[in-house]
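Now for the letters of each chain:
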Amino acid sequence: QVQLVESGGGLNQAGGSLRLSCAASIRTASANTMGWFRQAPGKEREFVAAISWSGISTNYAESVKGRFTISRANAANTVYLQMNSLKPEDTAVYYCARGGVGVSVSPYDYHSWGQGTQVTVSS
């Protein structure tokens, strides 16, 4: 059973930066895609970014493209989300997810989820 634990969330100002981390309890041979999703109050869960096991293939939501960067350190079973140029609309609970087909945008292609970490962007 894979457990995912997010960290790095918090309060920041518009234009600022945060880096989220997600550590997996075990490494698996299959279901190798890692992704980030977010959910703001009153809104549906939204795809943010995904990365393949090799790190070669990535996918980003248009709303974060050019501002956010997803990366992974397989030896540490960890995936990161570097968030730059933060906007108030980035405020949400951010969830780490594992699994999927390729770098899918669909939450249904992910089978393991973290508890989420709150990101709040002021002004």
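See the structure printed just above.
Residues numbered from 1 in each chain as written. Predicted model: local features only at pLDDT ≥ 70, side-chain atom pairs only at ≥ 80, totals over all residues. Heavy atoms only, no water.

A. Broad picture of the overall build of the chain. Each helix and strand in the chain was counted, giving zero helices and eleven strands. In the chain, the succession of helices and strands from N to C terminus is β-β-β-β-β-β-β-β-β-β-β. Relative to the 2.2 N^0.38 estimate, which gives 14 Å for 123 residues, the radius of gyration of the chain is 13 Å and therefore close to what a compact globule would have. Out of the 123 residues belonging to the chain, those deemed buried represent 42%. (Helix = DSSP H or I, 4+ residues; strand = E, 2+ residues; numbered from the N terminus. Rg over C-alpha atoms; globule rule 2.2 N^0.38 Å. Buried < 20%, exposed > 50% of the residue type's maximum accessible area, 1.4 Å probe, protein only.)

B. Layout of the state of the cysteines. Considering all chains together, one arrives at one disulfide under this definition. Here Cys22 engages in a disulfide with Cys96; their sulfurs sit 2.0 Å apart. Its S-S torsion of approximately -80° makes the covalent link between Cys22 and Cys96 left-handed. Residue Cys22 is found in strand β3 (residues 18-24), and its partner Cys96 is found in strand β9 (residues 92-99); the two are separated by 74 residues along the sequence. The class of Cys96 is buried, set by a relative accessible area of 0%. (Disulfide = S-S within 2.5 Å.)

C. Spatial organisation of the side chain of Arg38. The residue Arg38 is located in strand β4 (residues 34-39) in this model. A residue is classified by how much of its surface remains accessible, and Arg38, at 5% relative accessible area, is buried. Here Asp90 takes part through its side chain, which lies 2.9 Å from a polar atom of the side chain of Arg38. Among all residues touching Arg38, those that are not within four sequence positions of it are Glu44, Arg45, Glu46, Val48, Ser63, Val64, Phe68, Glu89, Asp90, Ala92, Val93 and Tyr94. (Polar contact = N/O pair within 3.5 Å; in protein donor to acceptor, adjacent residues only side chain to side chain. Contact = heavy atoms within 4.5 Å.)

D. Broad picture of unusual backbone geometry. One non-glycine residue with positive phi stands out, namely Asn77, at about 50°. One can find Asn77 in the loop between β7 (68-73) and β8 (78-83). If you check the backbone angles, Ser85 has positive phi at about 50° while not being a glycine. Residue placement: Ser85 occurs in the loop between β8 and β9. For Ser85, a relative accessible area of 39% puts it in the partly exposed group.

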